[in-house]
Every structure is written in C-alpha cells, then in structure tokens.
Amino acid sequence: MTAPTLLAARPAVGRTDRPPGRSAAPARARETALGLLFVLPGLAGLGVFVIFPLFQAVYLATRGNDILGNPTRSVGLAHFHELFTPEFGTVLWQTLLFTVLVVVPGVLLPLALAAPMTQRLPGMRIFRTAFALPFAYSVSAASVVWLIMLNPGVSPVNWALSLLGIPEPNWTTEPGWAMATVVGVTVWMVSGFNLLVLAAGLAGVDEEVLEAARMDGATGPRQFVSIVLPMISPSLFFAVVTTTLAALQALGQVQIMTDGGPNGHTRTLVYSIFDNAFHNNNSNFGLASAQGLVLLVIGVLIAVVQFGVLERRVHYR
Amino acid sequence: MNRPGPVPTVLTYLWLGGAAVVLLFPVLLTVLGGFLPSNALLHEPPQLFGGHWTLENYRAAWRQPVVPLAPAFLNSLFVGLSVMLGHLVTSCLAAYALVFLRSPLRRPIFWLFLATIMVPYESIVVPNALFVRSLGINDNRLSLVLPFLASGFGVFMLRQAFAQFPRELREAAVIDGCGHLRFLVTILLPASRPALIGISVWSFLQGWNMYFWPLIISSSNNSLNTLQTAVFALKDNEGGSPAVLLAGITITLVPTLLLVIFGQRWLVRGFTAGAVK
Amino acid sequence: MRTTLRRVAVGLSLAALTATAAACGSATANSSDATTGTDAPAASALDGKGEVSIGFWHAMTGKNGEALKQLTDQFNAKNKGRVKVDLQFKNTYDDTLSAYKAALNSGQAPDVVQVYDIGTRFMIDSKSTVPVQSFVDVDKTTTSDIQPNIAGYYSVDNKLNSMPFNTSMPLLYLNKTAFTKAGLDPANPPKTLDEITAAARKLTVKDANGRVTQYGFGAALYGWFLEQWTASGNQEYCDQGNGRDGRGTTVKLATDDHVKLLAWWKKMVDEGLAPKLDSNTTTADNAFTAGTVAMTLESTGSLGGFLKSSEGKFEIATGNYPKINATDAGGPIIGGASLWVVGKGKDDAHKRASWEFVKFLSDKDSQATWHTSTGYFPISKGALETEVDKQWVAQRPQFQTAITQLQNTPLSKATQGCLLGAMPQARKAAEQAMQAAVLSGTDPRTALEQQEKALATPIKDYNQSVTN
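No experiment lies behind these values; they were computed from the predicted model shown.

1. Here's the deal with the interface of chain A and chain B
Moving on, step 1. In this complex, chain A contributes 93 residues to the contact, which on the side of chain B involves 95 residues.
Moving on, step 2. Looking at which element gives the most residues to the side of chain A that touches chain B, the answer is helix H2 (residues 24-60) of chain A, with 20 residues.
Moving on, step 3. For the side of chain A that touches chain B, a count of residues per class yields 65 nonpolar, 19 polar and nine charged.

Structure below.
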C-alpha cells in the first residue's frame, strides 16, 4: 500500500497553524516537546520495525550463519554476487512478467465490467456486489479453492472443457500454464476490489458526460476512451498502483499453488526471499536479505516512475 | 436519464451475465461444495446442484483437531483489531502533531513517515523475523502484530483529514482554554469520523489478510495460526476431502463476505481515502 | 487519557530499547547454558524427584495423532507420580524442526522431539541431544528387537542416535479392479520400469473423443521416490559412504540410472500413459482414489486412506517398489521419523524421564498398537508376532507386501539412506530436476546435472555453518 498516498501530499503540505500565543518562547518550546511526544509512538514503531531493519538487512546480507540460523562470519559480497547469476535473472524476469500479466487484465477486466454497469438498468447493483465478491477472499482461500477447482482428476473446469472438446491443460505442472494459473488467481482476486474502485470513480462522473459517451453507436468506445477515461483517471491510477504493488508482493498464490514450480518457472522475487529464508529449512538469511534489498530498490523505482511520469497525466478535478 | 435501447441492453446483460458465470464459479464452488457429500465433487460431471445436502463437512472442518479454526479465528480477530487500534492511536497522535503543533522538526518527521511507506514489507521481513524470534515471545500473540502497530500510511491519511479542519474553529477552541488532547478527542476526532472509519477498515483488513508474516510466526508455533495460515495448513491435512476443505474455507470467509456484501461503501472509502478525490 | 497515551509512548520506546538489548544479547545467549548434557543418566536419576513433567513435540495428525495420544495416556497412567508427558502438536515435520531451531536459540526446547528422517544429520550436528545408544548402554540392554533396516537409517558407526518411531516404506499400489478388467494379474504386479510401461499400455483407457479417462500409471514427482529408486538399485545417493563415513559433499543426482528413470517417466507422459503431476503427493493420491490412475507409488502409511477412499469403487492390491533395472539388487530405504531425547539445558531427571517415554513407545506392545491403528511399519520385530498384529495383517493382505519387502532388503550403506545436513534441500533439488525433465521437457541429464551443481552451494553452506 505504498504509493497512492503520496498523491494528495501536495495540497496539504505547508499548512501552518499559529495558535494565538501570549508568551511566545516557553509556549513554543512546550509545543515542540509535546509535538515530539505525540509523534514518538509512531516513530518508535516505524523506527524499530521499518527503518532499523533496513540497516540490519544490509548487515545480514554480508553474513553467513550457523546451523540454527544465527548470523556469524562475514561473507563479504558473496550474497550480492549471487544476484548476478542467470538464475536470479530468471526470477526477476518472472517477477516482471507476473506483474505485467496481472496489472493489465486486473485493471481492464473490472473496467470493462464497471463501464456498462453505469447504465440505469435493473440489477446493476446486484452485479456490482457479485463482481466484488472475490475481494472477500484472502490469498490462501483463493489459492486453495482454485487448486481444488483445477485438481487433475476431479476438476469441474476440466470436465467443462472436455464438453467443448478442449484437451485439459496441465494447470500447475506445465511451465506456461503454471504461470497463467497463478496469474489467473491473482487477476480474479484483484478484480473484485478494482471493480469497486472503478465503479465508484464512474459514479462520480457527470451523467450527461456518460450519456454522451455511452457505448451505443459506433462512436461510443472512442468517446469512452477520450472523455470518460480522463475523468476517472485518479481511480484508474489508484487501481494501477495498488494492483502493481499487490502483484509485486504476491507470495501466497505461488507458495500454495505451485511452490515456485514446475522447476522454478513461477518463482518470483518475494517467493525467492521466502524460500531462501523460511522454506524447506533453508535459513539462508543472508541471501534473502540481499534479495530484499533488490525488492526495496524496485519498490522505490516504481514509486518514482509512477509519480514522476504517470501522475502528470492524471486529471484531478 | 434515458434508458439504453433494447439491443445494447441485451448485450449488456449478456456480457455481465457471462462474466458473472465465470467469475463467480469459484465462489459458488466454495459455498456449495461444503454442503455436498465429498464424492459429489469428485464426480464427472460434478454434482453441484441437487442431491442431498449435508452439514457434515462443516462439522468436520470445525471439529478437526489438527488445525483448530476457533483459535485461528480469535487470532485473526486479535491481529485485525490490534493493527487497527495501533494504527489509530499512533496515527492520530502523529497526524495531530504534524498539523497543529509547530516544531522545526515537523517537516523532516513528515517526510520520514512518508519514506517508510515506500519500503515493501517483504524487503525487511528477514531482520524482523530474526528480531521478533530473539525476543523470546514465540508463544505470545503479540509476535503476530508487533511490527505492524504503526503505519506511515495511516499518519499520512489522517494528516490529510486533519488539515481540512477549519483553522478558525481550532483557534476558538484554544481561546476557550481547550487543551490539545481534549481538542483532539472531543472535537477533532468526531469531526474526522469518515476518515477514521476509512482508516479503521483499511487497517483491520491489512491485519486480517496478512499471510507472509503469520506464516513465519506460526511455523514455529501452530497455536498462532491465523485463519489465513490455517487454510493453508488445512489444505495439507484435509487435501483428501475437498468438501471438508471448502467448508473450512467458507467458515473463514464469513466476515469478509459480509463486509463485501453490506459494507462496500466503507471498503472503497477506506482504501481510497486521500488518494482519489 | 493523557496517562494512557504516555504509557503507549513509553511502551513503544521501551520496545525500542529491548530491541537493541535483544539484538546484542542474542549472540551470547548460547553460551549461558549450564549443561550441554549429552551423556545418559541411569534410572536412579528419577528417584526422589517427584513427578517429572516432560514436553514432547510431534507432528502426528488425524488418526495417527489420536493413536499417539492413546499411547501417551497409557504411559502417563502407568507412571503416575513419576513422569508426566505433555503432548504438543507442532503441525508438519518442517514446522517442528524450525520450531526446534527457534527453541534452541531461545532456550525453550522440548524434552522429546519427533524429527523426520532427513533432519537426522542436523539433529546430530546440533549437539543438543542424548544419543539413544548411550541410554541403551547405561541400561545394559540391546537394540536387537528393532528391525535392523529401520535402525540402520538412524545409526552412525553402528550407534543408534535416535529412536525410530513412525516408519514407512514405499510400495507400488494397484487398482486391482482395473487390473483384472484389463486382463492383467494383480497378484503378479510389474517389477521394473519396462513392466510398468507394458501394464500401463493395457490399463490406459480413452473415451470416444480420445480423452484419457484412466491412465495406466501416475505418481507425484516426489524427491523421496528418487531416493528410493537409488537405494533399490543398491546405489549410494551421496558421497562419503552415503554420508556415513564422513560429512557428505555431493549428491549423486546425474547418474545413468536417474537419467534412465526420468527419460522413462517423460516417455510415459508423452505416450499418454501417465498424467502430468507435480511434486505434491495429495494430488497424485486423489488421482489414484478417483480412479484416474491405475498404478501409483506411495508409502505404506497411505494404505488406510486408500482403502477408505476407494471403498465401494474398486479394490486395491500392492506390489514391491519397482526397480529401474531388472538386475537391481537393493531395496527401499525405510523412511519416516524418529524420537530424539533432548539433552541441552536439561537435568538428569528430565533426560531420564524422556528416555523412559521413548523406551515405552518403542516396545513391542506399543508398536503393535501403533502399527495396527496407524498403518506405520512397526519398528519392533516382536510387534509383528503379537496376536493383534497378526490379525490386523491378515485382514489387510496388502500390508504383507511391505513386510516381505523389508525382509528381502539387504542392509547396506545404500539402503541405510543418505545422511546429509542439506538433505531437505537435496530432496527439493531432486524434485526440481524431476519436474524439469518430465514437465518442462528439459533433457534429463542436463536437468539432473544442473540441480547437482546448484546443490553444491547449500551443502557447502551447511557444512560451513556447522564449523562456525
């Protein structure tokens, strides 16, 4: 839940309140002290569990460990060298692939559902609630349900496909399909929330504008793109940002559905961190920390790109 | 506003209806599957409808001793509420200081809070895990929530909300001799209720849906399973009977399903507050 | 309100302080233990101590967990006033071991812990346990009642480190009904890869659209199976005499037999005789009980579940674990988990109490109960001779295969199994290679060589982590 917040930063920054002071100096000192006291709990929590660990991650990344996992001798930059191997390159590539494959349909599908729902037709509210239901699923619930659904031998989906004469895919055991499956679950999960966001955005658009841009007639779609989309660009932007982060940080669907397999073809950066540090008795905290730092860099880069480039094109009203 | 013509109407319903069939199938399977005897699912064609209904799977899922769901439910509730309360308290105080209390450090502190938002949690999960393990509180629920009690995002959201409070009102209150805390609690917080509800829903769901962290913590103490890790553990132990598994999952989904069905407004507000105007 | 807030603030600052303190403290925590305690106390250690309470961490679920509870209750009743065992369930084997690691760090270790076979090397290296052999020596008894092949896995230099408890070995499971239907003799199951192929051709059934409705063969690409195949060929899985003459440094993944096996497996899939399955055994189990595959590989522990799920649908028969080549002269390794008596930080009374409990669980009556209520292989020779046990086996002729298979397996370093600290990673690597060859179509030798090479790092890391 990183970036969207920064969005509205500007309008509020720089607001200063000057309470009517009598004796300026002591009152000001007292106010400063009180201010520090007030931010202390928050700063302490974030300091201990966000800022300090960043430094500790750098330290851990240079250490080996004993059999219980405690950091020991220095290994220098050995863990960082492991980041420049083809294996880790594959992990990064798959992370990128996964993210793009999730974000594009994960935003477009709900948009394609939300747009016709702006028409004043009976039943639209029911549709909205229905399409939002996947949002109720936690990642483990969604993954396990999909696994049952696609379980070879007992899969109702395979059965339906066989009726259409389509051979059943090896959902989680063939490299391409495995990636498609974890992407599919993720798109399904995020579509629920994005639908709510985009529907709320569309609800704020003037009825007349919508009417003009309605999907009837040949000019409809083009008008939708050129008129309505800019008007809901904050919602779109928000959906893109949150979906990107959700995809980048995805762990459960990979760990539960494919465990990174087959043969590492669904291994993503976050899964790799989990695997190196906590899975299978690996306890390779040094390498996991080094990979965590890569994730940090990616996170910051995404924030910069999204706010530097994308946000300029977002129209706030 | 005019209704669309008959052809687009039919197309709309066709598209939405078709999409609903595909997108809702997993939901249907989850909820109905739990009410069916095990072999009705492992059947070609799967007998989702008709046949005899049973509560047996729900009983089995609730009673199985391997991954007890009741304590997991309590743990999830504890995590959700603690994260929510933690965020509320720390964020309200910090946001108040950042908006109303003058200090030369105000701006750097604000940027510090903002900077923490950019740190993906997974990049510091290793040092945090080692740290929390070293505290020797393996058996304590606190280890599930300790790293998540403060939130830069929460501070930011409330700061936006507080900044909209009319300055004149606050000055009037101060003249009346109203102290900072009293002003915060009796005037500012009630006035910022929409933002507070938003951040509460957001924080609660953050905690409720967490997966990576509880997975690590519960791996060395399974009495600290949350519902999310319980579902995973249940899959390992009840893999042979999908109907029981689905019943268990349905139980874990009840709170969020209710939230989606009846609380959509809060959801959108909670997640988009401050970001989409 | 003001005080509450201050308390919160102070609390958080305190948290910050403890943070620093704990970070500094964790380095020294290990040296503070008074007893390293790896020697065994005699029975007199319990005298005059009142009731000694011990904690036992295990990973037994379902009916296995219930049977364990029943045995524990029996023990507690028998030893009232002397020893009381507190059962603590720790979910999976993986979780149990990671909990044990964490507990050693924080000084909250249990008294007895159940650890899976591949955690054996780690447990020895942790230097936190009392070898079972020491107790046996102190008590001047023998381990002669334990099946030698079972004790073999947990023995180094003929000294038993931990007490085997729940043991199982792999079998070939057959859908008897499908066999008979296809004109095959279920009493004469396939013994080699070639024979599996031949049988699978007859067993595979397609519907009118050419869609396979029953595959001849199908098993999880589970690393354990590869280890079993190696042992069945009487080959060692890792160097240094399967890690028993010294610390192992390489796992022999890229062997001719393994290449042959994976090429065969791939061909089975290509010919449509086997479905593509992953490394998750549950998926393969479901496929077998749903009748989708007619032959599968699983451990003896799955017999009960299979019999229950297939009830009314088809009958089940078993065969010896197949061999890669007809001439292979080894046999499967006996897997499962064993019980370790924790010594680190424990006084003599606790160590002795733990041993009393472990001894109880391994005697012939307990093992007969254990075997008949769970389906695990009894570690005690005597257990198989008890009336309860004989009756149980008579009702389940499928289990007789396992008993014969064990008796026919020669005890060698190969069938003892590979002892390696990085064995969990090695198993995973084997799975990766199996997946690469069978599912993604990588050349089997390339896939195996890649994983063998990749394993070098974790093995080296582990061996280094032991020394510092």
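Resuming the write-up.
2. With respect to the sheet that holds strand S12 (residues 316-319) of chain C
Residues and elements named next belong to chain C.
Moving on, step 1. Pairing within the open sheet is antiparallel, and its three strands lie in the order S11-S8-S12. Each of the sheet's edge strands pairs with one partner strand only, and the pair in question is strand S11 (295-299) and S12. Each strand of the sheet is rotated relative to its neighbour by a mean of 35°, with strand direction disregarded.
Moving on, step 2. Pairing geometry for strand S8 (residues 170-175) and S11, over five bridges, is antiparallel. Residue pairing across strands places leucine 174 opposite methionine 295, the latter belonging to S11.
Moving on, step 3. On the sheet, helix H17 (residues 397-407) packs against S8 and S12 and is oriented at approximately 10° with respect to S12.

3. Considering helix H10 (residues 180-191) of chain B
Residues and elements named next belong to chain B.
Moving on, step 1. Every buried residue of H10 is accounted for by His180, Leu184 and Leu188. One side of H10 carries all its buried residues, which in axial view fall inside an arc of 50°. Among the exposed residues of H10, those oriented more than 90 degrees off its buried face are Thr186 and Pro190.

4. Thoughts on the pairing of strand S7 (residues 163-168) of chain C
Residues and elements named next belong to chain C.
Moving on, step 1. Taken across its six residues, S7 has six buried, putting it largely inside the fold.
Moving on, step 2. Where S7 meets strand S13 (residues 335-342), five bridges bridge the pair, whose relative direction is antiparallel. Residue pairing for S13: serine 168 is matched across the bridge by glycine 335.

5. Regarding unusual backbone geometry
All names here are of chain C.
Moving on, step 1. Even without a glycine there, the phi angle at asparagine 158 is positive, about 60°.
Moving on, step 2. Mapped onto the secondary structure, asparagine 158 falls in the loop between strand S5 (155-156) and strand S6 (159-160).
Moving on, step 3. The exposure class of asparagine 158 is exposed, given the 9 C-beta atoms found within 10 Å.

Parameters and conventions
Residues numbered from 1 in each chain as written. Chains lettered and ligands numbered in written order. Predicted model: local features only at pLDDT ≥ 70, side-chain atom pairs only at ≥ 80, totals over all residues. Contact = placed C-beta atoms within 7 Å. Helix = DSSP H or I, 4+ residues; strand = E, 2+ residues; numbered from the N terminus. Nonpolar A, V, L, I, M, F, W, Y, C, P; charged D, E, K, R; others polar. Pairing = 2+ DSSP bridges. Axes fitted to C-alpha atoms, helices over the stretch in contact; angles between N-to-C directions. Buried ≥ 20, exposed ≤ 12 C-beta atoms within 10 Å, placed from the backbone. Arc of directions from axis to C-beta.

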